[in-house]
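# Secondary and tertiary structure notes
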Amino acid sequence: MTTPRQPSGSGSGSGSGRRQPPGTGAARPVAGRGQPAKGQPAKGQGAARGQAAKAQAPKSQPAKAQPVRSQSAKAQPAKAAAAGRTPRAPQQRRPEGRPPARSQAAVRPRPKSRPPQRPKALKLAEPKRRLRVITVALSLVFSVFAGRLVQLQLVDADALAADANTNRYQNIPITAERGSITSADGVALAATVDAYDITADPAMFTPGATGIPDAPEQAAALLSPIIGVAKDKIAADLHTPKTRYKRLAAQQTPAAKNQISDLKSSLEKQAGSRACQAQKKLLGKPADQGGRTRVDNECANPLAGVFNRETQKRIYPAGGLAANLVGFVNGEGEGAGGLELQYQKQLAGKDGHSSYAQAGGRLVPTAGGSMDPAVPGSNIKLTINRDVQWAAQRAITDQVANSGAEKGYVVVQDVKTGQVIAMASAPGFNPNDLSLTKPSQMGNPALVDAYEPGSTAKLMSLAAVLDTGKANWDTKVTVPYPLVRAGQQFKDDVEHGTWYLTLAGVLAKSSNIGTIEAIETLGDGDQLKANQVLDGYMRKFGVAQPTGLNFPGETAGKLKKPEDLVASEKYNISFGQGPLQMNALQATSVYSTIANGGVRVAPSIVQGITGPDGKYTATPPGEQTRVVSEQTAKTLTSMLESVVDDEQGTGGKAAIPGYRVAGKTGTANRGAADGKGYDGYTASFIGFAPADAPRYTVSCTLQGPVNGHFGGQLCGPVFKQVMEFTLKTMQVPPSGSPAPNLPVEWKP
């Protein structure tokens, strides 16, 4: 008898009724009576689950073959029912590889069906092998990273850091504030004000940076009319992308700086529009994607790489006042002439520098930087009195124009201290604008020119005669016309018969012949000895010696040694011609020496210097040298008064009412420019006042006058004008006694 197969889903109370895969549906042990088996649902729950399972089962699912259950298995439902539970069809584990048990009896043949297949188990890879592969791969990756880190941090660290800083950091010099030059009362003759250097970063003008191929040319066209620099030069400076810093123009005014800043801001705003930003995003992209090779000019800012750096500009508030003395600076702000050049190191101070990070031409405040602050220059205080300087400059300028002279100069000196109160030259110049100034006007001829002084040098000759005791002021001198010496004829400035003069008269009438006769007494008939004595006195007066000012281009003059004098030189040196040359300050100092009782005080022009720390250091007093005795100086002073006061004197135009004046005229042949022979005249007058209590010495010199040539005629009035102003400005009281009026002639 065959056991019929249970149709799929027909099991009573069997749960889902579906056949479990082999190995997963082993029969569960039966719990005790009245109690649900462990893991089984409570009473009534099994039926409900069975109904839900039936509802979920597909209707078209074919019936699956079920194994023949044993008698014990048949009895289990009954027992379960008796226990009040819904029985669950037990399933037997089929031995793997064995067919289901069949009855020995013949069974009805089944239709052919696909035998049930056991699902393939997932075959896992070997974990050790997989771990090794992952380890090797990660090791390779980390090795690459480690190698790159070693290269960046150790091998190429310095080079990369340097490149990064070069591209990121801007090193900007900080110009030290230049010290000022002031007059004696502290008013600036040369000062420094705020200005701006216009700079650029050429790397920001490349096509890649600007989006246009001609950024340097466009920038040059915009900047040229503002900063006054040629377009070609600006463009050439901007075509150097490897140079991260270029100064396009120095010391521009705040107005020019503001104009450039406003223009740059306007272009930046225009280039930042949405349309322009869209164009910039297309730069470098392929053409099929709408890429562009450049932006429109309206979308470019050719001034993005232009900056400004605060600096200083040298100005001269008084214009041309004392310009020949103060000097000037060049385009770099460095001293190029006068005291600006002489004291360049002290005035310039010490420049500093700063570095800062920038990106796209903008400061990155959080990226750090460094700064080495500049040390400002020292302030130079001169001995120059502005008012006296103005009066001297006006007087000599007018007389140069009136006389048709090539140039002229006036020096005013304090006889007690040696300080120069004024030093004026004409023609002058305005250091604020050198474009219209000739190079010949930019020097200081009062110190640079060496000229034959003429008759003003007779003071030194007669000082030697008096100081050696060879003569006195009233020594009688017979003056013939002409005088022959060394085969040469010597004459006076006017033709005359024989003069009978005192030694004071020789000086008052400025007789060349009388002076030659006087110095011949120094050698007792030996002219070489006489010249040696005279040479010694002249050198003590400062002839052919540096003045001590160390002014740029200053000449020490010339004085031939006595042994080298030939023919007429042995004689004409006594009246300031031939082998004797001086500058105007040296000549002035000779008269200041006599005014100071025979003691020479080295000239000075700087009163003191204030350093960057604010400490003021006064210039030491000038060195003092006794040249002649005090008595000799007194005698010479009285003799010089005769030049001005006596009706036969040559310096009457220098007289000042209320003040006793001592001075001497000078008219000399002027050496030719090529050094061969003479060409024109040098007219001069040097004197001091008050003669009874000397305070100041004033000298006037004209080179190459054409409307007259005598010193008394041309320079006498200049002396009077400047000396009178000086005495009143310095509040010098008038003389308290009359002049001695020494006799100038004697009767044979």
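Within any chain, residue numbers begin from 1 and follow the written order of that chain's sequence. Selection of residues for local features in this predicted model requires a pLDDT of at least 70, selection of side-chain atom pairs for listing and counting requires 80 or more, and totals for whole chains, interfaces and linings are taken over all residues. To get the side-chain values, take all heavy atoms of the structure and skip hydrogens and water.

### Structural notes on the overall build of the chain
Rules: Under the scheme used here, helices are H or I runs from DSSP no shorter than 4 residues and strands are E runs no shorter than 2 residues, and both carry numbers assigned from the N terminus. For every residue, the accessible area (1.4 Å probe, protein chains only) is compared with the maximum for its type, and the residue is labelled buried under 20%, exposed over 50%, or partly exposed between those bounds.
Across its full length, the chain holds 23 helices and 26 strands. For the chain, buried positions account for 42% of its 748 residues.

### Re the pattern of salt bridges
Should the charged atoms of two oppositely charged side chains come close, the side chains can pair. Our working definition: In the sections that follow, a salt bridge refers to a side-chain nitrogen of Lys or Arg positioned within 4 Å of a carboxyl oxygen of Asp or Glu.
Following the criterion strictly, the structure yields 16 salt bridges and no others. A salt bridge links Asp-296 to Arg-292, with the nearest nitrogen and oxygen atoms 3.0 Å apart. A residue is classified by how much of its surface remains accessible, and Asp-296, at 32% relative accessible area, is partly exposed. Across the pair Lys-407 and Asp-449 runs a salt bridge, and its minimum N-O distance is 2.8 Å.

### Some thoughts on the packing of aromatic side chains
Stated formally: Working definition: rings of Phe, Tyr and Trp (its six-membered ring) pair if their centres are within 6.5 Å, and the pair is stacked with planes under 30 degrees apart, edge-to-face with planes over 60 apart, and tilted otherwise. To sit over a ring, a charge needs its Lys NZ or Arg CZ within 6 Å of the ring centre and within 35 degrees of the ring normal.
Counted under the stated rule, the structure contains seven aromatic pairs. Ring geometry for Phe-328 against Phe-429: centres 5.9 Å apart, planes inclined by 85°, an arrangement best described as edge-to-face. Of the two residues, Phe-328 is situated in strand β6 (residues 328–329) and Phe-429 in the loop between β13 (420–426) and α14 (445–448); the sequence distance between them amounts to 101 residues. Comparing Phe-328 with Phe-429, the two get one shared label, buried. An aromatic cluster is defined as three or more aromatic residues linked by ring pairs; in this entry it consists of Phe-490, Tyr-571 and Phe-575. Over the ring of Trp-499 we find Lys-509; its NZ or CZ atom is 4.4 Å from the centre of that ring. Sitting over the face of the ring of Tyr-537, Lys-540 holds its NZ or CZ atom 4.7 Å from the ring centroid.

### Some thoughts on the side chain of Asp-535
This is how it is decided: Should any heavy atoms of two residues lie within 4.5 Å, those residues are counted as being in contact.
Here Asp-535 lies in helix α18 (residues 527–540). Other than its neighbours up to four places away in sequence, Asp-535 contacts Leu-559, Lys-560 and Pro-562.

### Overview of the confidence of the model for the chain
Keep in mind that low pLDDT regions are not for reading the predicted coordinates in detail. Threshold: Residue-level confidence of the predictor, termed pLDDT, takes values from 0 up to 100.
Per-residue confidence for the chain averages 84 on the pLDDT scale, and 80% of its residues sit at or above 70. A low-confidence stretch, residues 1–84 stays under pLDDT 50, and its non-local contacts, those more than four residues away or across chains, total 71 contacts.

### Brief notes about the environment of Ala-220
For Ala-220, the location among the structural elements is in helix α6 (residues 215–227). For Ala-220, a relative accessible area of 1% corresponds to the buried category. In contact with Ala-220, not counting residues within four places along its chain, are Lys-231, Ile-234 and Ala-235.

### A short note on helix α17 (residues 512–520)
With respect to burial, α17 is a largely interior element, seven of its nine residues being buried. Among all positions of α17, only Asn-512, Ile-513, Gly-514, Thr-515, Ile-516, Ala-518 and Ile-519 are buried.

### Describing helix α20 (residues 584–595)
Applied cut-off: Multiplying 1.5 Å by the residue count of a helix minus one yields the expected span of that helix. Residues adjacent in sequence count toward polar contacts only when both atoms are side-chain atoms; beyond that, a polar contact is any pair of N or O atoms within 3.5 Å, and within protein one must be able to donate a hydrogen and the other to accept it.
Given a rise of 1.5 Å per residue, twelve residues ought to cover 16 Å, and the 17 Å separating the end C-alpha atoms of α20 matches this to within 8%. Most of α20 is tucked away, with twelve of its twelve residues classed as buried. Those residues of α20 that sit buried are Ala-584, Leu-585, Gln-586, Ala-587, Thr-588, Ser-589, Val-590, Tyr-591, Ser-592, Thr-593, Ile-594 and Ala-595. Its side-chain oxygen 3.1 Å from the backbone nitrogen of Leu-585, Asn-583 forms the N-cap of α20. Two residues or fewer after α20 comes Gly-597, characterised by a positive phi angle close to 75°.

### Here we look at the packing of helix α15 (residues 458–467) against α18
Test applied: For every element, the axis is a line fit to its C-alpha atoms; helices are fit only across the contacting stretch, and the angle between N-to-C directions ranges from 0 to 180 degrees. For classification, angles of less than 35 degrees are called roughly parallel, those exceeding 145 degrees roughly antiparallel, those between 65 and 115 degrees roughly perpendicular, and all remaining angles oblique. Helix crossings get a hand from a simple test, with the near helix turned counterclockwise from the far one by less than a right angle marking a left-handed crossing and a clockwise turn marking a right-handed one. Each residue is assigned to one class: nonpolar for Ala, Val, Leu, Ile, Met, Phe, Trp, Tyr, Cys and Pro, charged for Asp, Glu, Lys and Arg, and polar for all the others, Gly among them.
Contact geometry of α15 with α18 gives a least axis separation of 9 Å together with a crossing angle of 115°. As the angle between them shows, α15 and α18 are arranged roughly perpendicular. The handedness of the crossing between α15 and α18 comes out as right-handed. Contact residues: Met-460, Ser-461, Ala-464 and Asp-467 in α15; Leu-534, Tyr-537 and Met-538 in α18. Residue classes in the contact of α15 with α18 are distributed as five nonpolar, one polar and one charged.

### Things to note about the state of the cysteines
Cut-off, in case you're wondering: Defined by distance alone, a disulfide is two cysteine sulfur atoms within 2.5 Å.
Tallying each qualifying case throughout the model produces two disulfides. Each disulfide pairs two cysteine sulfurs, and for Cys-276 the partner residue is Cys-299, the sulfurs being separated by 2.1 Å. Taking the sign of the S-S torsion, -70° for the link of Cys-276 and Cys-299, the bridge is left-handed. Placement of the pair is Cys-276 in helix α9 (residues 274–281) and Cys-299 in the loop between α9 and β5 (306–315), with a sequence separation of 23 residues. Accessibility classification places Cys-276 together with Cys-299 in one group, the buried group. Regarding the disulfides, the chain carries the connectivity 1-2, 3-4 under sequence-order numbering of its bonded cysteines.

### A word on the sheet that holds strand β12 (residues 407–414)
Put simply, the rule reads: Pairing between strands is defined by DSSP: at least two bridges between them are needed.
With respect to topology, five strands assemble into an open sheet ordered β13-β12-β26-β25-β24, the strand pairing being antiparallel. Each edge of the open sheet carries a strand with a single partner, namely β13 and β24 (662–671). Within this sheet the neighbouring strands show an average axis-to-axis angle of 10°, counted without direction. When β12 meets strand β26 (residues 696–703), the two strands line up antiparallel, connected through eight bridges. The residue of β26 that forms the bridge with Val-412 is Val-698.

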